[in-house]
Amino acid sequence: MHPLRKLFHRLAAARRERRYRDSLPSPLRLHLGCGHIHAEDFCNVDVLLTPAADVVDDIAVLRKFRNGSVAEIYACHVLEHFGHDQVPLILRRWHEVLAPGGLLRISVPDMDRIVRIYTENFAHFQVPGHTPWIGLIWGGQTTPYDYHKTGFNPCWLRHLLTQAGFVDCEEYPHEPHFAGLVDGSLAHEPFGQFLSVNMLCRKLGA
Ligand SMILES: C[S@@+](CC[C@H](N)C(=O)[O-])C[C@H]1O[C@@H](n2cnc3c(N)ncnc32)[C@H](O)[C@@H]1O
């Protein structure tokens with residue numbers, strides 16, 4: 001795209017975002033790291049200006065949202081894009097922006113499932129030209145924000161959530177999927193088995 005056209009596009013998007021943020025939906029529900037998935041009744045947030053994003057923000061910081069102002073957060077296949085040291089800080093930040101009683105729903109690739117599926121299909125990975133599942137393990141690597149830097153299994157995710165102050169951490173099933181979204185949480189390629197762990201928890205309070 002021509003640089004001037006790109007600038008015009010960015011300015012128009014920033015104006016749209018300002019108007020949107022002046023009348024944020026209530027109760028406020030955030031869809032973090034939305035990518036190209038637009039969730040209805042959510043404020044869709046990504047660091048990149050994707051067609052689905054209502055607000056462009058770094059979800060590690062959530063500069064554009066006030067503490068205690070959010071009723072619900074949904075973050076699918078994005079927490080693994082941050083380093084080991086960053087994850088506890090990010091979960092604390094998400095805890096901070098949630099109102100008392102607010103919900104957090106997270107979906108991430110599940111190392112337990114990945115190891116099991118990999119082992120069951122070991123022969124597949126010995127065929128020349130078949131990668132050792134590099135996209136799933138290290139990310140798609142299509143943008144600077146598309147690299148995996150850490151990993152989870154249900155036990156580790158629950159521990160991190162609890163350390164960040166969340167309570168009632170429970171896994172929830174893949175289907176029927178939350179809010180009717182078809183996103184990373186439903187990934188089951190190429191072996192037809194779900195790869196993610198989905199966890200729901202809440203901030204203590206009302
Ligand atoms: C693998 S995609 C997942 C997209 C969607 N949630 C799904 O499940 O299909 C990860 C998304 O997180 C976004 N992302 C990565 N780091 C981010 C950051 N620091 N702040 C906001 N978004 C980020 C990327 O731009 C990308 O759109």
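Before going into details, it helps to say that this report is about the structure given with it. (Residues numbered from 1 in each chain as written. Predicted model: local features only at pLDDT ≥ 70, side-chain atom pairs only at ≥ 80, totals over all residues.)

1. Re the environment of P190
- Inspection of the secondary structure puts P190 in the loop between β6 (166-171) and β7 (196-203).
- Sequence separation between P190 and I117 is 73 residues; the distance between their C-alpha atoms is 10 Å. (Helix = DSSP H or I, 4+ residues; strand = E, 2+ residues; numbered from the N terminus.)

2. Here's the deal with the packing of helix α2 (residues 86-97) against helix α5 (residues 154-163)
- Here α2 crosses α5 at 55 degrees, and the two axes come no closer than 9 Å. If you check the angle between α2 and α5, you find them oblique. Handedness of the α2/α5 crossing: right-handed. Across the interface between the two elements, V87, P88 and L91 of α2 pack against L160, L161 and Q163 of α5.
- Taken together, the residues of the contact of α2 with α5 sort by class into five nonpolar, one polar and no charged. (Axes fitted to C-alpha atoms, helices over the stretch in contact; angles between N-to-C directions. Parallel < 35°, antiparallel > 145°, perpendicular 65-115°, else oblique. Left-handed = near helix turned anticlockwise from the far one by under 90°. Contact = placed C-beta atoms within 7 Å. Nonpolar A, V, L, I, M, F, W, Y, C, P; charged D, E, K, R; others polar.)

3. Looking at unusual backbone geometry
- The omega angle of the peptide bond from E175 to P176 is -5 degrees, so this bond is cis rather than trans.
- When you line up the elements, P176 lands in the loop between β6 and β7.
- Here the amide bond leading from E189 into P190 is cis, since omega sits at 0 degrees, within 30 degrees of zero.
- Residues other than glycine seldom take positive phi values, yet H77 does so here, at roughly 50 degrees.
- Mapped onto the secondary structure, H77 falls in the loop between β4 (70-76) and α2.
- Residue H77 is classed as buried on the basis of its 22 C-beta neighbours within 10 Å.
- Phi at Q141 is positive, roughly 60 degrees, even though this residue is not glycine.
- Locating Q141 in the fold gives a position in the loop between α4 (134-138) and α5. (Buried ≥ 20, exposed ≤ 12 C-beta atoms within 10 Å, placed from the backbone.)

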